[in-house]
Amino acid sequence: MERWQNRVAAVTGASSGIGAAIAKDLVNAGLIVVGLARRTQRVEEIRSSLATNLQTRLHVVKCDVSDLQSVNEAFDWIEKNLGGVDVLVNNAGTYTAGQLLTMDIGEVEKTLQTNLMGMVYCTRRTYESMQKRQINDGHVVLINSIVGHHVFNLPPGVVAQFNIYPASKHGVTGLTEILRQEFRDLKTKIKITSVSPGLVDTEIVPESYQGLPMLKPEDISAGVMYAIATPPHVQVHELTIKPVGETF
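Residues numbered from 1 in each chain as written. Predicted model: local features only at pLDDT ≥ 70, side-chain atom pairs only at ≥ 80, totals over all residues. Heavy atoms only, no water.

Chemist: Which parts of the structure should I look at to understand the packing of helix H4 (residues 105–132) against helix H5 (residues 165–185)?
Modeler: The relative placement of two packed helices comes down to the angle between their axes together with the axis-to-axis distance. In the contact formed by H4 and H5, the axes pass within 8 Å of each other and the chain directions differ by 15 degrees. Classed by the angle they form, the pair H4 and H5 counts as roughly parallel. By crossing handedness, the relation of H4 to H5 is classed as right-handed. Contact residues: H4 offers Thr111, Leu112, Asn115, Leu116, Met119, Val120, Thr123 and Tyr127, while H5 offers Tyr165, Ser168, Lys169, Gly171, Val172, Leu175, Leu179 and Phe183. (Axes fitted to C-alpha atoms, helices over the stretch in contact; angles between N-to-C directions. Helix = DSSP H or I, 4+ residues; strand = E, 2+ residues; numbered from the N terminus. Parallel < 35°, antiparallel > 145°, perpendicular 65-115°, else oblique. Left-handed = near helix turned anticlockwise from the far one by under 90°. Contact = heavy atoms within 4.5 Å.)

Laid out in structure tokens, this is it:
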């Protein structure tokens, strides 16, 4: 991680779960971190939990990734106060249980805007930031899901309520390869990594899933740290992390 010392990382959805774990690990690894979240009070609490000498290295910025104006305001703040972004972790995501044909269409749209377009908005601003500063070796991480590669066919009698969520994550899988090709064709050395966890013990997990084998947010953060720490010539394109004994 030596080459990332004192460089700037932005983490979306930093208020809880995977995003919070990644933000803390990046600070501890020597980066300056911007925690982007709608619930800024939660990120401030995370900052207070850090060692006193590290607290100034975690900046808290309000951001709703589904809203382009909010994203632009957040990245404008980063560029004005910290110069720009060298590492982006697109972690923010949402899930609402329901069936696609009958649920509130607003929830469907929110899932697509947050899980897919939010990544597009933030990645575009990060690339723009790198280009302005002639940064050629950045890293973009997309927190994906195993349902971004395979839609589970549940047993008879179990009502599937994944709705648009797997489609949004399949979009992330496609976005990963699209960005890899564009970073290459634009003659950069910017890396792209998709991290696809199985079931993780976070607040978006439905109550009915409790009791199943689960990963911890820190397990996913460890995978992200591994990908970021690879040498400049190594790109971890896809990293799948499952709990032992997972039934999916």
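Chemist: I tried to follow H5 on my own but got confused; where do I start?
Modeler: Count 3.6 residues to each turn of an α-helix, and residues three or four apart come out pointing the same way. Relative to the 30 Å expected for 21 residues at 1.5 Å per residue, H5 spans 30 Å between its end C-alpha atoms, a close match to the ideal helical length. Within H5, burial applies to Tyr165, Pro166, Ser168, Lys169, Val172, Leu175, Thr176, Leu179 and Phe183. Across the axial projection of H5, the buried residues extend over an arc of 165 degrees, all falling on one side. Packed against the buried residues of H5 are H4, strand E5 (139–143) and strand E6 (191–197). Just downstream of H5, Lys187 is the residue with a positive phi angle, here 65 degrees. (Expected span 1.5 Å × (residues − 1). Buried < 20%, exposed > 50% of the residue type's maximum accessible area, 1.4 Å probe, protein only. Arc of directions from axis to C-beta.)

Chemist: So what exactly am I meant to see when it comes to the packing of helix H1 (residues 17–28) against helix H6 (residues 217–229) here?
Modeler: Their axes nearest at 8 Å, the elements H1 and H6 cross at an angle of 50 degrees. On the basis of their axis angle, the class for H1 and H6 is oblique. Like other packed secondary-structure pairs, H1 and H6 cross with a definite hand, here right-handed. Along the contact surface, H1 presents Gly17, Ile18, Ala21, Ile22, Asp25 and Leu26, while H6 presents Pro217, Glu218, Ile220, Ser221, Val224, Met225 and Ile228. When grouped by side-chain class, the residues that make up the contact of H1 with H6 number nine nonpolar, two polar and two charged. (Nonpolar A, V, L, I, M, F, W, Y, C, P; charged D, E, K, R; others polar.)

Chemist: Looking at this structure, I do not really get unusual backbone geometry. What am I missing?
Modeler: Phi is mostly negative for residues that are not glycine, and the peptide bonds are mostly trans. For Gln134, which is not glycine, the phi dihedral falls at a positive 60 degrees. Take Gln134: it is sitting in the loop between H4 and E5. The phi dihedral of Lys187 falls on the positive side, at around 65 degrees, and the residue is not glycine. With respect to the helices, strands and loops of the structure, Lys187 is situated in the loop between H5 and E6.

Chemist: I'm lost on the pairing of strand E4 (residues 87–90) in this one. Help?
Modeler: Consecutive side chains along a regular strand alternate between the two faces of the sheet. Side chains Val87 and Val89 of E4 all project onto a buried face; the interleaved residues Leu88 and Asn90 project onto the opposite face, where all are buried too. With three bridges joining them, strand E1 (residues 8–12) and E4 adopt parallel strand pairing. For Ala9, the partnering residue across the bridge sits in E4 and is Val87. Relative to E5, E4 is paired through four bridges, and the arrangement is parallel. Residue pairing across strands places Asn90 opposite Leu142, the latter belonging to E5. (Pairing = 2+ DSSP bridges.)

Chemist: Would you take a moment to explain the environment of Thr111 for this structure?
Modeler: You can see Thr111 is positioned in helix H4. A residue is classified by how much of its surface remains accessible, and Thr111, at 1% relative accessible area, is buried. Distance in space between the C-alpha atoms of Thr111 and Leu88 is 20 Å, their sequence separation being 23 residues. Beyond its immediate chain neighbours, meaning those up to four positions away, Thr111 contacts Thr94, Leu116, Ile164, Tyr165 and Ser168.

Chemist: Would you take a moment to explain the nonpolar core for this structure?
Modeler: Soluble globular proteins: nonpolar side chains tend toward being buried together. Ile22, Leu26, Leu31, Val33, Val89, Ile143 and Val224 are the most contacted members of the largest nonpolar core, which has 34 residues in total. Elements with a contribution of two residues or more to this core: E1, H1, strand E2 (32–37), helix H2 (40–49), E4, E5, H6 and strand E7 (238–241). The leading source of residues in this core is H1, at six residues. With sequence-adjacent residues up to four places away left out, Ile143 is seen in contact with Ile18, Ile22, Val89, Asn90, Asn91, Met119, Lys169, Val195 and Val224. Grouped together as the second largest cluster of nonpolar side chains are 28 residues, Val71, Val85, Cys122 and Leu175 included. (Core = buried A, V, L, I, M, F, W, Y, C linked by side-chain atoms within 4.5 Å.)

Chemist: Please explain the sheet that holds E6 as it appears in this structure.
Modeler: Neighbouring strands of a sheet are bound in pairs by backbone hydrogen bonds; such pairs are parallel or else antiparallel. One open sheet holds the seven strands; their spatial order is E3-E2-E1-E4-E5-E6-E7, and the pairing between them is parallel. Strands with a single pairing partner mark the edges of an open sheet, and in this sheet they are strand E3 (58–62) and E7. Averaged over all neighbouring strand pairs, the angle between strand axes comes to 15 degrees, with direction disregarded. Here E2 runs beside E3; their pairing, made up of five bridges, is parallel. Looking across to E3, one finds that Gly35 is bridged to Val60. H2 contacts E2 and E3 of the sheet and is inclined by roughly 175 degrees relative to E3.

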